[in-house]
Amino acid sequence: MKIFHTADWHLGKLVQGVYMTEDQHYILQQFIQAIDEEKPDVIIIAGDLYDRSMPPIEAVNLLNDVLAKIVLEKKIPVLAVAGNHDSAGRLNFGSRLMSDSGLYIKGQFTKNHAPIVLNDQHGEVHFHLVPYAEPAAIRNIFEDESIRSHQEAMQKIIEHITEDMDTSKRHVFVGHAFVTKYGEEEANTSDSERPLSIGGSDCVNAALFKPFHYTALGHLHKAHFVLNETIRYAGSILKYSLSEHLHEKGFLIIELDEQGNTIVSKRKLVPRRDLRVVEGQLEELLTLTPSEDYVFVRLTDKISVTSPMERIRSVFPHAMHVERKVLRQDMPRELQVVEAEKLEDIDLFRSFFTNIIGIQPDEDTERLFTEMLQELLDEERETVK
């Protein structure tokens with residue numbers, strides 16, 4: 001069986017004030033072309049179809065058009081789960097009706113879990129769709145007060161699945177979680193990945209997925225395997241933050257043989273506009289070949305420059321951000337670059353305020369910003385729930 005594993009489309013994504021819908025449409029047309037060329041038997045979307053629980057209408061229409069083309073026109077089944085950015089209820093609506101056409105979307109996990117069974121020339125393949133869920137939700141479903149972490153929730157889910165698992169069949173797990181090699185805290189692969197928990201561990205031990213022949217994961221935006229090559233993240237289809245500028249985006253092609261052994265390859269997707277970093281003194285950058293790419297500019301000028309964004313956009317009309325790169329003499333050069341990428345929200349606010357007003361924000365202004373930001377984050381979490 002040939003499987004396309006993709007994830008983290010984040011339709012409706014807003015990057016530095018720019019809606020990425022046209023770029024997403026462009027990249028998904030490449031994905032559809034790859035379907036025509038490779039002719040997969042099934043397509044997996046491992047969560048975060050949308051970027052937020054209430055996506056803009058353009059994003060809804062794009063997903064509708066793409067899924068209709070794949071499922072209705074090309075007759076290829078699609079298996080999808082909700083991610084932490086999605087609204088589980090909205091994705092779950094109508095799922096029973098859509099499954100008759102070959103579109104299987106699991107928005108909410110339920111205790112009466114049953115795999116999606118598809119067949120190839122070697123027999124059945126069982127796909128276990130496990131959408132993102134808070135530990136509290138799994139605790140309530142199984143009435144188990146001991147479930148407090150994402151690790152404990154996933155362990156309970158997999159124990160439940162394996163109780164009735166037919167080990168003579170091939171099994172594929174489809175999920176959306178922060179899976180690490182040993183279940184220990186690790187840095188996310190990009191700044192676009194919303195933390196799964198506040199004040200507690202959100203990591204899941206990869207060893208839990210040993211009962212499955214292949215585990216198709218979403219959430220982390222860099223394609224990689226965890227623990228072994230059968231437990232994989234496909235990564236996002238586009239670069240969605242500065243921290244992703246070195247990623248190679250695409251999707252995975254999995255060949256599943258009669259015994260459940262896998263051969264995995266990656267197919268790259270080429271964006272309409274790349275997202276990259278350019279660095280140097282302003283006058284040097286203004287002599288570069290003009291480009292339509294999305295660029296984050298790091299100025300190394302030692303003296304102040306006037307109207308940097310306006311001037312940069314004469315060469316890079318889609319420049320997203322300009323910052324001064326302040327080099328610390330007590331820090332190795334490679335760490336200086338990392339530090340420049342890891343800007344906190346308050347640092348971004350200070351930069352914006354200074355560019356607009358012309359002076360640094362005072363202590364009261366910064367406190368007001370921090371309070372408003374926290375209120376917005378709290379509202380967003382309640383909306384996602």
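Residues numbered from 1 in each chain as written. Predicted model: local features only at pLDDT ≥ 70, side-chain atom pairs only at ≥ 80, totals over all residues. Heavy atoms only, no water.

### Focus on the packing of aromatic side chains
The following threshold applies: Working definition: a ring pair exists when centres of Phe, Tyr or Trp rings (six-membered ring for Trp) sit within 6.5 Å. Plane angles under 30 degrees give stacked, over 60 give edge-to-face, the rest tilted. Helix and strand assignments come from DSSP, with helices taken as H or I runs of at least 4 residues and strands as E runs of at least 2, each series counted from the N terminus. Each residue's exposure class comes from its accessible area (1.4 Å probe, protein chains only) as a fraction of the maximum for that residue type: buried when under 20%, exposed when over 50%, partly exposed otherwise.
With the rule as written, the count across this model stands at seven aromatic pairs. Considering the side-chain rings of Phe-109 and Phe-142, the 6.2 Å spacing of their centres and the 35° angle between planes classify their relative orientation as tilted. One end of the pair, Phe-109, is in the loop between β6 (103-106) and β7 (116-120); the other, Phe-142, is in helix α5 (residues 135-142), and 33 residues separate them in sequence. Accessibility classification places Phe-109 together with Phe-142 in one group, the buried group. With centroids separated by 5.0 Å and ring planes inclined at 70°, the aromatic side chains of Phe-173 and Phe-209 adopt a geometry described as edge-to-face. Of this pair, Phe-173 sits in strand β9 (residues 170-176) while Phe-209 sits in the loop between β11 (203-205) and β12 (214-218), and the two are 36 residues apart along the sequence. Classification of Phe-173 by relative accessible area gives buried; the value is 0%.

### Overview of a nonpolar patch on the surface
Convention followed: Patch membership needs two things, relative accessible area over 30% and no salt bridge, and members are linked within 9 Å if like-charged or within 5 Å if nonpolar (Val, Leu, Ile, Met, Phe, Trp, Tyr). Shrake-Rupley sampling with a 1.4 Å probe provides the accessible areas, and residues are treated as covered by the protein chains on show and by no other component. For this document, the term salt bridge refers to a Lys or Arg side-chain nitrogen within 4 Å of an Asp or Glu carboxyl oxygen.
A contiguous nonpolar surface patch, about 450 Å² in accessible area, is contributed by Phe-352, Ile-356, Ile-357 and Ile-359. When you line up the elements, Ile-359 lands in the loop between α10 (345-357) and α11 (363-384).

### Examining the environment of Ser-236
Our working rule: In this description, contact between two residues means that some pair of their heavy atoms is separated by no more than 4.5 Å. Polar contact is defined as a pair of N or O atoms within 3.5 Å, subject to the rule that within protein one atom must be able to donate a hydrogen and the other to accept it, and that residues adjacent in sequence are counted only when both atoms are side-chain atoms.
Among the secondary structure elements, Ser-236 is positioned in the loop between β14 (228-233) and β15 (250-256). In the structure, Ser-236 is positioned 188 residues away from Asp-48 in sequence and 9.3 Å away in space, judged by C-alpha atoms. Not counting chain neighbours up to four residues away, the residues in contact with Ser-236 comprise Ala-7, Asp-8, His-221, Glu-244, Lys-249 and Gly-250. A polar side-chain atom of Ser-236 sits 2.8 Å from a polar atom in the side chain of Lys-249.

### Here's the deal with empty space enclosed by the protein
Selection criterion: For cavity detection a 1 Å grid was placed over the protein atoms alone, and a set of points counts as a cavity when a 1.4 Å probe fits there but cannot get out; an open set counts as a pocket when protein lies on both sides within 12 Å along at least five of seven lines, with lining residues being those that have an atom within 4 Å of a point. Grid points are joined across faces, edges and corners, and a volume is the space filled by probe spheres set on the points. Only Asp, Glu, Lys and Arg are considered charged in this grouping, and only Ala, Val, Leu, Ile, Met, Phe, Trp, Tyr, Cys and Pro are considered nonpolar; every other residue, Gly among them, is considered polar.
Evaluation of the coordinates by the stated rule reveals one cavity of 30 Å³ or more. Size it by volume and the largest cavity reaches roughly 100 Å³. As for the largest cavity, its lining consists of Val-130, Pro-131, Tyr-132, Ala-133, Ile-138, His-150, Ala-153, Met-154, Ile-157, His-176, Ala-177 and Val-204. Looking at side-chain class alone, the lining of the largest cavity contains ten nonpolar, two polar and no charged residues.

### Digging into the packing of helix α1 (residues 21-38) against helix α2 (residues 57-73)
Rules: The axes used here are C-alpha line fits, helices contributing only the stretch in contact, and every angle between their N-to-C directions lies in the interval 0 to 180 degrees. Put simply, angles under 35 degrees are roughly parallel, angles over 145 are roughly antiparallel, angles from 65 to 115 are roughly perpendicular, and the rest are oblique.
Their axes nearest at 11 Å, the elements α1 and α2 cross at an angle of 5°. One element, α1, and the other, α2, form an angle in the roughly parallel class. Along its contact with α1, which presents Thr-21, Gln-24, His-25, Leu-28, Gln-29, Phe-31, Ile-32 and Ile-35, the element α2 presents Glu-58, Leu-62, Val-66, Lys-69 and Ile-70. Here the contact of α1 with α2 is composed, by residue class, of seven nonpolar, four polar and two charged.

### Observations concerning the packing of α5 against helix α6 (residues 150-163)
Put simply, the rule reads: Should the near helix be turned anticlockwise from the far one by less than a right angle, the crossing is left-handed, and should it be turned clockwise, the crossing is right-handed.
At a closest axis distance of 9 Å, the pairing of α5 and α6 adopts a crossing angle of 40°. With respect to α6, the axis of α5 lies oblique. Here α5 runs over α6; the crossing is left-handed. Of the residues in α6, those in contact with Pro-135, Ile-138 and Phe-142 of α5 are His-150, Ala-153, Lys-156, Ile-157 and His-160. Counted by class, the contact of α5 with α6 contains five nonpolar, two polar and one charged residues.

### Examining the pattern of salt bridges
Per the stated rule, a full pass over the model turns up 20 salt bridges. One salt bridge in this structure joins Glu-255 and Lys-2, with 3.9 Å as the shortest N-O distance. Of this pair, Glu-255 sits in strand β15 while Lys-2 is found in strand β1 (residues 2-6), placing the two residues 253 residues apart along the sequence. Exposure remark for Glu-255: the relative accessible area of 35% places this residue in the partly exposed category. Ionic pairing is found between Glu-244 and Lys-249, a salt bridge with its closest N-O pair at 2.8 Å. Assessed through its relative accessible area of 0%, Glu-244 is described here as buried. Among the charged side chains, a salt-bridge network with shared partners connects Lys-2, Glu-37, Glu-38, Glu-255 and Arg-267.

### Here we look at the nonpolar core
Put simply, the rule reads: We define the nonpolar core as a collection of buried residues of types Ala, Val, Leu, Ile, Met, Phe, Trp, Tyr and Cys that are connected through side-chain atoms lying within 4.5 Å of one another.
By size, the foremost hydrophobic cluster in this structure holds 40 residues, and its most contacted members are Trp-9, Leu-28, Phe-31 and Ile-43. Secondary-structure elements contributing two or more residues to this core are α1, β4 (42-46), α2, β5 (78-81), β6, β15 and β18 (294-299). With seven residues, α2 is the largest single contributor of residues to this core. Not counting chain neighbours up to four residues away, the residues in contact with Phe-31 comprise Phe-4, Thr-6, Trp-9, Ile-43, Ile-70, Phe-251 and Leu-269.

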